[in-house]
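# Per-entry structural report
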Amino acid sequence: MAGTLRVFVIIVACQVLLIDASFQPALVLDMAQILLENYCFPENLVGMQEAIQQAISSGEILHISDRKTLAAVLSAGIQGALNDPRLTVSYEPNYIPITSPALQSLPTEQLIRLIRNTVKLEVMDNNVGYLRIDRIIGQETVVKLGRLLHDNIWKKVVHTSAMIFDLRFSTAGEISGVPYIVSYFSDSEPLLHIDTIYERPTNSTKKLWTMLNHLGERYGKRKELIVLISRRTTGAAEALAYILKHLKRAVIVGERSAGGSVKVEKLKVCDSGFYITVPVARSVNPMTGQSWEVTGVSPSVILNPKDAIAKGKSLIAIRKAIPKVVKNVSDIIKQFYAFKDRIPALLNHLGKTDFSTVVSEEDLAAKLNYELQSVFEDPRLNIKRLSNREEELDATAKTHSSVDNLNDALFKLEILSGNIGYLRFDRFPTPTTLIELNDRIIDMVWRPVQDTENLIIDLRYNSGGSTEALPILLSYMFDISSDIHLFSIYDSIQNTTIDFHTLRNISEPSYGSRKGIYVLTSYYTAEAGEEFAFLMQSLHRGTVVGEITSGMLLHSRTFQVEETSLGITIPIMNFIDVHGECWLGGGVVPDAIVLAEDAIERVYEIIAFHKDIPALLEEAGDLLETHYIVPEVADEVNRLLEIKLKQGLYRSVVDFESLESQLSTDLQESSGDHRLHIFNCEIEPEFLHNTPKIPSPEEADFIIDALFKVETLFGNIGYLRFDMMEDIKVLRAIGFQFVKAIWNNLVNTDVLIIDLRHNTGGYSTAIPLLCTYFFDAQPLKHLYTIFDRSETNATKVMTLPDVLGQRYGSQKDVYILTSHVTGSAAEAFAKTMKDLGRATVIGEVTNGGALSSGTYQIGNSILYASIPNQAVLSAVTGKAWSVSGVEPHIVAQASDALNVAQKIIGAKFQKIKSGK
């Protein structure tokens, strides 16, 4: 800010040099002093005095001799420097200040005439009060004329049911009168802090509050209030409109106000004929921390002020209807909403909702929708403005009598190549119709498709129909002897729940439960059509292929909200699946999403893929039985995979990617081992045949720089970070460079911190070598035991007899930092050092990866199984690791682990130093 002020003052000083060099310093100093003593933002003037002194001595000159032009230039300079358009400089040698007498000093009769000319009121139709005030009188004047104002103004409008408060022509007034008017439109308690006024000349701050005692009856805060403003509205009227708006007490209508100021003064600069206009006071609203000054008050409803009164009347009608609308909506929800347990929370929330921003029916619908959905996300519960009331109200109640005239075109049947049945029907008939046509349907549909290998059911053009028909048609998709719970319907009006099962008395033949069924959907699939698709998917009986369905469930009704054009759609029934979950609609997401016109072609691909799934699952199970470290778990997992396949849980699998995901989930859930997983790879993974590449001396330096970070922290604390466990052959190949560049910088530290927070693992062969540096040469230390499924004997892993360089030894403290991504060989190192009491582990629980997993191809496919094939037994307990990871001694956020370690080390050093 000081820099911009210096530019401004340089301009001032340089211009005045051309006018009269003898008084220019005094002129500059006086103008600056006026700002320092009067400008209401003194914090923006920091550094001005120093800038003035530099400016006076400046030799830069702009050649402007015309004083009015100079004044304009100076105004631009001040406004640009302080970013305040109210600051102006003018040259007016003949200006004579006119001071208006204070209103309260005027005779009472003159005050009455003034108020009579600036206040207009009437009671309009529907008991709506209209009050226009063109000048806000101050508190002292209010006190002086209190009873007169009450009897002739307030008393005449206080009993109206709503009010239009017109400030469109209010161009003058006093801020001190604002609390009186705001108090009139609020309750007596609690008192409200409504504004803060800072005056620079007196360097004083005054808080404005509503008034506890108020002459006469208050209008209160519950009746509707519309405030009209225009671009002419300025000063105290703007403050009043701004406060009422942000108290949420009024709806502001019109155009943005003038953007005036609390108080602006025109002050003379020396005897030069120059004047500077300065805002000497400022307002800060306690609710927003901002002000109406300069920018003006923004209306809630923007329109031409000429139309404001008419708009105000319509807004009052809308806003007065809000409580009734909310009650009507609440009553409909209470009576019909199918989620009875949710109703109290919904009604309670609606009762507490603030509707102060609502200015139209569209606003009200949007607000109600937002509030209802914020409590419970139910897309079926919806409020909107009805474009054609009767059509929309009847839409959900209509039944389609056309199904009573069904003919042979109800079902369209073909046998496609590959012995695939194709069945299309575009609407679900009523149960009565199905029963009447039962024999014909048996002959025309179920007998012809009985011997097909797979069946396509085409619902791409199905717009719905009767939900009650679903159990009949679904029964043909299962074995006749079965009793399958299909779904339930809860009816809120009847307060009953009906369970639907497969029917045992259907006429043979049924299609059965073994063969594949593929349901085709599109964006047009709706109501009962999408319910059928949803059930086939959730019952694991079919594979859904095509587009996401429309999301239009039939189990709702639309009710008109009284005396409005709004309608509320209420789910009056709940569609409950076999898992007890309510389906809220929103569309069925297919197992394979493709364009509707490509659905049949995609089905052929999926059928071919499904033929291979049993063999792939069998191969995966065999791999588990051969390689998984716990044979009894492998047997159980294999058995569960067979059950899941028979139950149809793999019908939703449509490609290798989805098979990979489903199979990984099933393996992990069945075994409880998250290390078991399946992945796909188009080409054989390189690491199946990779042997570690021995680096050249040049490559060794690069590897060391890439893998290791070393530092000596304050207090002679060594810090070693490495983010991957290299193979022991590689470590030996880079051994000399490692010792020289890394290890020699750490071995003589008093304490060592090893950072494994970013180490996801690598080769377990490196663990014995790393551990050896932290134990004595003799005797060799038993680190852990490895039991490999492919070997008959367990292998003890020991420290090594010799290492390059100096050992860190077994006495100095070691701290290991871990995180949730620390895995595999890295956590094996941490676990070993912890079990043997050689290190303190700080951080997060590690990810529980295996010390070693084998990767095996599943058949000849692109799928591979990662199977833990080794058990790591603790040298201390003799027990195998848990897959839950390494528990730190001290649990801390990974980001804080280093700081925690340093604090512990510092405290320990301090304790040793003090001899305790």
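One can find the structure itself at the top, above this paragraph.
Now for a quick tour of the structure. (Residues numbered from 1 in each chain as written. Predicted model: local features only at pLDDT ≥ 70, side-chain atom pairs only at ≥ 80, totals over all residues. Heavy atoms only, no water.)

## Some words on the overall build of the protein chain
Under the convention used in this document: Working definition: helices are DSSP H or I runs of at least four residues, strands are E runs of at least two. Numbering for both runs from the N terminus. Accessible areas in this description were obtained via Shrake-Rupley with a 1.4 Å probe; residue shielding takes into account the shown protein chains only.
Looking only at helices and strands, the protein chain has 26 helices and 38 strands in total. Accessible surface, the protein chain as shown: approximately 42,900 Å² in total, 52% of it carbon and sulfur.

## Let's talk about the packing of aromatic side chains
Under the convention used in this document: Each aromatic pair joins two rings of Phe, Tyr and Trp (for Trp, the six-membered one) with centres within 6.5 Å, and gets the label stacked for planes under 30 degrees apart, edge-to-face for over 60, and tilted for any other angle. Categorising residues by exposure relies on relative accessible area from a 1.4 Å probe, with only protein chains included: less than 20% of the type maximum marks a residue as buried, more than 50% marks it as exposed, and the intermediate range marks it as partly exposed.
In this structure the tally under the stated criterion is 30 aromatic pairs. For the pair W154 and Y180, a centre-to-centre distance of 6.1 Å together with 40 degrees between the ring planes defines the contact as tilted. Residue W154 is located in helix α7 (residues 146-157), and its partner Y180 is located in helix α8 (residues 178-184); the two are separated by 26 residues in the primary sequence. Pair check on accessibility: W154 and Y180 agree, each one buried.

## What to know about the environment of K320
As a reminder of what qualifies: We call two residues in contact whenever any of their non-hydrogen atoms come within 4.5 Å of each other. Polar contact criterion, stated in full: a pair of N or O atoms within 3.5 Å, where within protein one must be able to donate a hydrogen and the other to accept it, and residues adjacent in sequence count only if both atoms are side-chain atoms.
For K320, the position within the fold is in helix α10 (residues 308-336). Sequence-distant contacts of K320, that is, excluding residues within four places in its chain, are made with N126, S161, A162 and E224. At 3.0 Å, the side chain of K320 and the side chain of S161 are in polar contact.

## Some remarks on the pairing of strand β18 (residues 485-491)
Rules: Any two strands are treated as partners once DSSP identifies two or more bridges connecting them.
Counting buried residues along β18, 6 of its 7 residues qualify, which places the element largely inside the surrounding structure. Bridge count for β18 against strand β19 (residues 496-501) is 6 bridges, and the pairing is antiparallel. Looking across to β19, one finds that D491 is bridged to T496. Where β18 lies against strand β24 (residues 573-576), 4 bridges are found, and the strand directions are antiparallel. Within the sheet, the bridge partner assigned to Y490 lies in β24 and is N574.

## Quick notes on the pattern of salt bridges
Counted only if it meets this: What makes a salt bridge here is a side-chain nitrogen of Lys or Arg within 4 Å of a carboxyl oxygen of Asp or Glu, nothing more.
Taken as a whole and judged by the stated rule, the model has 30 salt bridges. Here K324 and E563 are joined by a salt bridge, their closest N and O atoms 2.8 Å apart. Residue K324 is located in helix α10, and its partner E563 is located in the loop between β22 (556-560) and β23 (566-571); the two are separated by 239 residues in the primary sequence. Judged by relative accessible area, which is 68%, E563 ranks as exposed. Counted as one network, the salt bridges with shared partners bring together D84, R86 and E293.

## Some remarks on unusual backbone geometry
Look at the link from E189 to P190: it is a cis peptide, with omega at 0 degrees. Put simply, Q778 and P779 share a cis peptide bond, and its omega is -10 degrees. By secondary structure assignment, the location of P779 is in the loop between α24 (766-772) and β31 (782-788). Positive phi is not limited to glycine here, since K248 has a value of about 60 degrees. You can see K248 is positioned in the loop between α9 (236-246) and β10 (251-254).

## Describing a nonpolar patch on the surface
Here is the rule we go by: Patches were defined on residues exceeding 30% relative accessible area and lacking a salt bridge, with like-charge contacts within 9 Å and nonpolar side-chain contacts (Val, Leu, Ile, Met, Phe, Trp, Tyr) within 5 Å.
On the surface, a cluster of nonpolar side chains totalling about 280 Å² of accessible area is made up of L191, W209 and L212. Here W209 shows up in strand β8 (residues 204-209).

## Side note on the nonpolar core
Formally: By nonpolar core is meant a set of buried Ala, Val, Leu, Ile, Met, Phe, Trp, Tyr and Cys residues that side-chain atoms within 4.5 Å join together.
In terms of nonpolar packing, the biggest core is built from 49 residues, with F708, W743, I754, F774, I816, F829 and M833 touching the most fellow members. F774 has contacts with W743, L752, I754, Y808, G809, S810, V814, F829, M833 and R838, leaving out every residue within four places of it along the chain.

## Some remarks on the packing of helix α18 (residues 599-627) against helix α20 (residues 656-671)
Note the following rule: Under this scheme, a helix contributes an axis fitted over its contacting stretch, all axes are lines through C-alpha atoms, and angles between N-to-C directions fall in the 0 to 180 degree range. For any helix crossing, the convention is left-handed if the near helix is rotated counterclockwise from the far helix by under a right angle, and right-handed if that rotation is clockwise. Ten residue types, Ala, Val, Leu, Ile, Met, Phe, Trp, Tyr, Cys and Pro, are classed as nonpolar, four, Asp, Glu, Lys and Arg, as charged, and the remainder, Gly among them, as polar.
At a minimum axis distance of 12 Å, the contact between α18 and α20 shows a crossing angle of 35 degrees. Between α18 and α20 lies a crossing of right-handed hand. In this structure, α18 contributes F609, L616, L617, A620 and L624 to the contact, and α20 contributes F656, L659, L663 and L667. Here the residues of the contact of α18 with α20 sort into 9 nonpolar, no polar and no charged.

## Regarding the packing of α18 against helix α19 (residues 631-646)
Put simply, the rule is: Any angle that is under 35 degrees is reported as roughly parallel, and any over 145 degrees as roughly antiparallel; angles of 65 to 115 degrees are reported as roughly perpendicular and all others as oblique.
Two elements in contact, α18 and α19, have axes separated by 8 Å at closest approach and are oriented at 170 degrees. The pairing of α18 with α19 is recorded here as roughly antiparallel in orientation. Contacts between α18 and α19 involve I613, P614, L617, G621, D622, L624 and E625 from the first element and A634, D635, V637, N638, L641 and L645 from the second. Its residues assigned to classes, the contact of α18 with α19 comprises 8 nonpolar, 2 polar and 3 charged.

## Digging into the environment of A634
The topology assignment puts A634 in helix α19. Residue classification places A634 among the buried residues on the basis of a relative accessible area of 1%. Along the primary structure A634 and D622 are separated by 12 residues, whereas in three dimensions their C-alpha atoms are 8.8 Å apart. Beyond its immediate stretch of four places on either side in the chain, A634 contacts L624, E625 and Y628.

## Some points on helix α4 (residues 67-82)
For clarity, the cut-off: What a helix should span is 1.5 Å times the count of its residues minus one.
For α4, which comprises 16 residues, the first-to-last C-alpha distance of 22 Å matches the rise-based estimate of 22 Å (1.5 Å per residue) to within 8%. Where α4 ends, the next residue or the one after it, N83, has phi of about 55 degrees, a positive value.

## Some details on the sheet that holds strand β13 (residues 301-302)
The strand order across the open sheet formed by 6 strands is β2-β3-β5-β9-β10-β13, and the pairing between neighbours is mixed. A single partner strand is all that each edge strand has here, and the edge strands are β2 (119-124) and β13. Relative to β13, β10 is paired through 2 bridges, and the arrangement is parallel. Of the residues in β13, the one forming a bridge with V253 is V301. Contacting β5 (162-166), β9 (224-229) and β10, α9 crosses the sheet at an angle of about 145 degrees to β9.

## Here's the deal with the sheet that holds β24
Strand order in the open sheet made by the 4 strands is β19-β18-β24-β25, with antiparallel pairing throughout. Looking at strand neighbours, the two that pair on one side only are β19 and β25 (582-583), the edges of this open sheet.

## What about the side chain of S257?
With respect to the helices and strands, the residue S257 is situated in the loop between β10 and β11 (263-269). Sequence-distant contacts of S257, that is, excluding residues within four places in its chain, are made with I229, S230, R231, T233, E238, G296 and V297.

## With respect to the pairing of strand β28 (residues 708-713)
Strand direction decides the pairing type here: β28 and strand β29 (residues 717-722), joined by 6 bridges, are antiparallel. Directly across from F708, in β29, lies its bridge partner F722. Taken together, β28 and the strand that follows it, β29, pair antiparallel across an intervening segment of 3 residues, in which G715 is found at a positive phi of about 90 degrees.

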